[in-house]
Amino acid sequence: MFENLANVEERFTSLEAKLADPAVVSDIKQYTSLLKEHKNMTPIVETYRAFRKAEADLAEAKVLLDESGIDKEMKELAEEEAASAKDAMEDLAEKLKILLLPRDPNDDKNVIVEIRSGAGGEEAALFAGSLLRMYSMYAETHGFKTEVLSSNPTELGGYKEVSFEITGDGAYSRFKFESGVHRVQRVPETESQGRIQTSTATVAVLPEADEVEFEINQSELKIDTFRSSGAGGQHINKTDSAIRITHLPTGTVVECQDERSQHKNKERALKILSARLLEVEQQKHKDEIDSARRAQVGTGDRSERIRTYNFPQGRVSDHRIGLTLYKIDAIMNGNLDELIDALITADTAAKLEAAGE
């Protein structure tokens, strides 16, 4: 491990020199790429340097302890320094193991989140709206921007389906474990008898496709225009501005009608389509290298029930890691960090276990 770290530090020093080179700075594409690599390597190199410092402190303390004629006070001080350095080395070595785990290449990307109402009729659509609100509030607390790309609202303010983009550094790393079936148990607003109903909504979290890594062949697309429809109101479009794009090789269909501009609807539909197709390609790759560790946190499969929101009991349970929190109001208001941090910790532990096999 430490031989590799010496190579990492050497590469880091090389990057610092390149980032100070005017020729590199003037090349935006190259500069951005190197800057991103430098940023990803910084915590590894800083931790490695701290480890070497602790290692040097331990060696220095041992030299003092080996000296003949050392007085009692100096000996006690050297023993304390040796113990402190040893503890620091152990802690930093564990931190390095985690930092050196393979990074998810999508972690820094923006995401497109798709929410679809499932079983439960209008109540499921209202729950889909609740999830949209929850994720939007969570995104805001982390400084991410949220923009609805496409939606199919219902008369009562819910959504049959809604797609929205979350932009910001590290967005995918915070949202990637949300894919799957979310179940709600509550008394619906539409229920006059006060009976608890169970409904579901499906969430898909897609890393946004970069143009350089995924390019759609325009000849493989069928693009149709149609008149926007909706729940009603004076702003319904009177022109054929809505867009339906069909990817012929896969049969994937995306519709966008939220904007009055046909051009904007097409742009948004292409963004969603690119993300969906990229996910398919990446899933193929994941299937080829899949290991037992994925079962620790769940596959992220959209058909897998991952979480239950029980309003009468005030609890939220994540079934993948067996975590139950009795703070449903806070969670529905976007306070998701405790859940998401627990999922990240479980995933890291699974990766460490797999790496040790």
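Residues numbered from 1 in each chain as written. Predicted model: local features only at pLDDT ≥ 70, side-chain atom pairs only at ≥ 80, totals over all residues. Heavy atoms only, no water.

Enquirer: Got a sec to walk through the overall build of the protein? Specific residues and values, please.
Expert: Each helix and strand in the protein was counted, giving 10 helices and 11 strands. Out of the 357 residues in the protein, the part that is buried amounts to 40%. Counting only contacts in the protein whose residues sit at least 6 apart along the sequence, the fraction spanning at least 24 positions is 63%. For the protein, the accessible area works out to roughly 19600 Å², and carbon and sulfur atoms hold 49% of it. (Helix = DSSP H or I, 4+ residues; strand = E, 2+ residues; numbered from the N terminus. Buried < 20%, exposed > 50% of the residue type's maximum accessible area, 1.4 Å probe, protein only. Contact = heavy atoms within 4.5 Å. Areas by Shrake-Rupley, 256 points an atom, 1.4 Å probe, with all protein chains shown as cover.)

Enquirer: Describe the side chain of Asp 104, with residues and values.
Expert: Within the secondary structure, Asp 104 sits in the loop between α4 (72-99) and β1 (111-117). Side-chain polar atoms of Asp 104 contact the backbone nitrogen of Asn 106, separated by 2.9 Å. Sequence-distant contacts of Asp 104, that is, excluding residues within four places in its chain, are made with Tyr 172 and Lys 176. (Polar contact = N/O pair within 3.5 Å; in protein donor to acceptor, adjacent residues only side chain to side chain.)

Enquirer: Give me the sheet that holds β1: which residues, what numbers.
Expert: If you trace the 8 strands from one edge of the open sheet to the other, you get β2-β3-β1-β5-β4-β9-β10-β11, paired in mixed fashion. On the outer flanks of this sheet lie β2 (145-153) and β11 (323-325), each paired with one strand and no other. Averaged over all adjacent pairs, the angle separating strand axes in this sheet is 15°, with direction ignored. (Pairing = 2+ DSSP bridges. Axes fitted to C-alpha atoms, helices over the stretch in contact; angles between N-to-C directions.)

Enquirer: Explain the packing of aromatic side chains to me, using residue names and the numbers behind them.
Expert: Tallying each qualifying case throughout the model produces 4 aromatic pairs. Between Phe 127 and Tyr 309, the aromatic rings sit 5.5 Å apart at their centres with planes inclined by 65°, giving edge-to-face as the arrangement. Taken together, the residues Phe 127 in helix α5 (residues 121-141) and Tyr 309 in strand β9 (residues 305-310) connect sequence positions 182 residues apart. In terms of burial, Phe 127 and Tyr 309 fall into one category: buried. When the ring of Tyr 135 is compared with that of Phe 175, the centres are 5.9 Å apart and the planes differ by 65°; the resulting orientation is edge-to-face. Taken together, the residues span a long stretch of sequence, with Tyr 135 in helix α5 and Phe 175 in helix α6 (residues 171-175) at a distance of 40 residues. For the pair formed by Tyr 135 and Phe 175, the shared burial category is buried. (Phe/Tyr/Trp six-rings, centres within 6.5 Å; stacked < 30°, edge-to-face > 60°.)

Enquirer: For the pairing of strand β3 (residues 159-167), give the residues involved together with the corresponding values.
Expert: The pairing of β1 with β3 spans 6 bridges and is classified as antiparallel. Each bridged residue has a counterpart across the sheet, and for Arg 116 the counterpart in β3 is Glu 161. Sheet topology note: the β2/β3 ladder contains 8 bridges and is antiparallel. Residue pairing across strands places Asn 152 opposite Glu 161, the latter belonging to β3. Between β2 and β3, which pair antiparallel in sequence order, lie 5 residues; one of them, Gly 157, sits at a positive phi of approximately 100°.

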